[in-house]
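Architecture at a glance
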Amino acid sequence: MDCNDGNFWRSFALAALILTLLGFGGFASRVQAQSLEIFLAENEPPIIKKVPDLVDLGLTEFTTSTVWTKGVDVYSGVLLADLLTALGIDLRARNGSVTLEAMDGYSATIAFETILGTHPLLAFHRNHRPMSVRSQGPFWLVFDYDSDVRLRTETLYALSVWQVTRLIVNF
């Protein structure tokens, strides 16, 4: 087949359209990847939450810079405290924490007390667009670093897990 042939380019365009409609590399695959497993108890199946479920809890948005990105971005998602409260978790429980697990195997554990004191956001949009895996998505625990110098610590940076796929509630 000659690449200068008009039929080649029509066939190429049709194949690209079909792959896009099937979700390969397009918006559909990003949306499907945006699910979160939440484990509340050992030996119990996880609760699965997708972005629309989280949006129903109420969106929170703030503008901040991070040490991992250039400039200032708008992050939106659900406050981690609001998600846990909606699941019936009492954040005043002593010694409670949440472990966030990322796609790459990284994990970090944040105490309930820290959640209440720092108000981290489980972000799924940056600049009003879904975050892809390449850009720290599908979920990224972000703090409003620019609002308070006390949020710019190595401890909180280590808790800023991106590509989050699981939350494990610990008591």
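What you see is a predicted model; the values in this text were computed from it and never measured.

Turning next to the nonpolar core. Counting residues in hydrophobic clusters, the biggest one holds 41 residues, and the most contacted among them are Leu83, Ile110, Ile115 and Leu167. Here Ile115 is in contact with Leu80, Ala81, Leu84, Leu91, Val98, Ile110 and Pro120, once residues within four sequence places are set aside.

We now examine the side chain of Gln136. Among the secondary structure elements, Gln136 is positioned in the loop between strand 8 (129-130) and strand 9 (140-142). Overall, the relative accessible area of 13% leaves Gln136 in the buried class. A distance of 3.2 Å separates a polar atom in the side chain of Gln136 from a polar atom in the side chain of Arg126. In this structure, Gln136 is in contact with Thr69, Arg126, Trp162 and Gln163, ignoring residues within four places of it in sequence.

Backbone torsion omega between Gly137 and Pro138 reads 10 degrees, so that peptide bond is classified as cis. Secondary-structure assignment places Pro138 in the loop between strand 8 and strand 9. Positive phi is not limited to glycine here, since Asn43 has a value of about 65 degrees. Take Asn43: it is sitting in the loop between strand 1 (35-39) and strand 2 (47-50). Positioned with a positive phi, Gln163 is a non-glycine residue whose angle comes to about 55 degrees. Looking at the element boundaries, Gln163 is found in the loop between helix 6 (154-159) and strand 10 (164-170).

The next thing to look at is the side chain of Thr66. Mapped onto the elements, Thr66 comes out in the loop between strand 3 (60-65) and strand 4 (72-79). Classification of Thr66 as buried rests on a relative accessible area of 10%. Discounting chain neighbours no more than four positions away, the residues touching Thr66 are Gly71, Tyr75, Trp140 and Tyr145.

Our next topic: the packing of aromatic side chains. Aromatic rings considered in pairs are described by the distance between their centres and by the relative angle of their planes. Per the counting criterion, the structure on display carries 10 aromatic pairs. Consider the rings of Trp68 and Trp162, whose centres lie 5.4 Å apart with planes at 75 degrees: the pair is edge-to-face. In this pair, Trp68 is assigned in the loop between strand 3 and strand 4 and Trp162 in the loop between helix 6 and strand 10, connecting sequence segments 94 residues apart. The class for Trp162 is partly exposed, based on a relative accessible area of 28%. An aromatic cluster of at least three residues, connected via ring pairs, comprises Trp68, Tyr75, Trp140, Phe143, Tyr145, Tyr157 and Trp162.

Calculation rules
- Every chain begins its residue count from 1, and numbering advances along the sequence as written.
- Reporting of local features is limited, given that this is a predicted model, to residues whose pLDDT is at least 70; pairs of side-chain atoms are given and counted only at 80 or more, and all residues count toward the totals for whole chains, interfaces and linings.
- Hydrogens and water molecules were not included; the side-chain quantities draw on all heavy atoms of the structure.
- To define a nonpolar core, start from buried Ala, Val, Leu, Ile, Met, Phe, Trp, Tyr and Cys residues and group those joined through side-chain atoms within 4.5 Å.
- Only protein chains enter the accessibility calculation, which uses a 1.4 Å probe; a residue is then buried when its area is under 20% of its type maximum, exposed when over 50%, and partly exposed in between.
- In what follows, residue pairs with any heavy atoms lying within 4.5 Å of each other are defined as contacts.
- In this text, helices come from DSSP runs of H or I with a minimum length of four residues, and strands from runs of E with a minimum of two, each type numbered from the N-terminal end.
- We define a polar contact as two N or O atoms separated by no more than 3.5 Å, with the added condition that, inside protein, one atom must be a possible hydrogen donor and the other a possible acceptor, whereas residues neighbouring each other in sequence contribute only through side-chain atom pairs.
- Here the aromatic set is Phe, Tyr and Trp, taking the six-membered ring for Trp, and pairing holds for ring centres within 6.5 Å; pairs whose planes are under 30 degrees apart are stacked, those over 60 apart are edge-to-face, and all others are tilted.

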